[in-house]
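Architecture at a glance
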Amino acid sequence: MNMQQKIAPTVRAATAQDIPFLAKMDVEASLPPFGTSFWDELLEGTGTDTLTFLEAMFREAASNWGDVSDFIILESDGVPVATCAVFKPEPTPASEGPLNLEKVDQLAWALSWSDDTKNTFRAAYEKAWSGDTGFLKPQADLIIETVAVAPNHRGKGLGTALMHAAFACGRELGADSIGIMVIHGNDGAQALYEKHFEPFATFHGAYFDHEFPGLTKYRASLT
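Structure report, in brief.

Overall, mixed pairing links the 7 strands, which are arranged β1-β2-β3-β4-β5-β7-β6 in an open sheet. Looking at which strands have only one partner, the edges of the open sheet turn out to be β1 (10-13) and β6 (198-204). Here the average twist between neighbouring strands, direction ignored, is 25 degrees. The pairing of strand β5 (residues 177-183) with strand β7 (residues 214-221) spans 7 bridges and is classified as antiparallel. Along β7, the bridge assignment pairs I183 with L215. In this fold helix α6 (residues 158-172) packs onto β1, β2 (71-76), β3 (79-87), β4 (142-149), β5 and β7, with an angle of close to 155 degrees to the strand it touches most, β4.

This part covers α6. The terminal C-alpha atoms of α6 lie 21 Å apart, and with 15 residues this matches the ideal 21 Å at 1.5 Å per residue to within 8%. Here α6 has its buried residues at L158, G159, A161, L162, M163, A165, A166, F167, C169 and G170. Backbone geometry just downstream of α6 places G174 in the positive-phi region, at approximately 80 degrees.

Reading the values: the criteria
Residues numbered from 1 in each chain as written. Predicted model: local features only at pLDDT ≥ 70, side-chain atom pairs only at ≥ 80, totals over all residues. Heavy atoms only, no water. Pairing = 2+ DSSP bridges. Helix = DSSP H or I, 4+ residues; strand = E, 2+ residues; numbered from the N terminus. Axes fitted to C-alpha atoms, helices over the stretch in contact; angles between N-to-C directions. Contact = heavy atoms within 4.5 Å. Expected span 1.5 Å × (residues − 1). Buried < 20%, exposed > 50% of the residue type's maximum accessible area, 1.4 Å probe, protein only.

Given below as structure tokens:
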């Protein structure tokens, strides 16, 4: 039987030098179960590709779901191979979803967007995140987001290592609980999370008028 050998990664905090890697992993995290990143559609007509946009988002600290300093990096032989963000959610975020729209002017400047391009993107983003967003209410003191393993390093136990590192980070921060969510159809991630968390709430497809497959939120105690 040909089995991939599991590795013992090192854990460190992300820095600004990791931004290209974080952008790539953000794309990887957003692919399942649809096969494409939701950013691709939002960026249509802007002339900006998703990786370029995400690098700017991290440089301008425009993410609602974890700044660069909130990311854990797993390394193998000095090479980043996996990551996730562990962050304290804002009780009243500047905007719903992953992007802080208060930073859109900074993003537009960084990306050399015209006012028309900026407004087109903003309208597309606000449309995508309109409606009932009650499912985004935090279920724990800390939230894990953007969980991703580099494609050529999967099957080596890095998902489990990320969860252990995230829990250790949460305890170091003095949190009592930590949460995560998964879109239905992302079976690999769901199987991983169910080993470490308890189901907290499920939002079925009907909640989203069957325009989205639904999601489950999980929670675990850190005490």
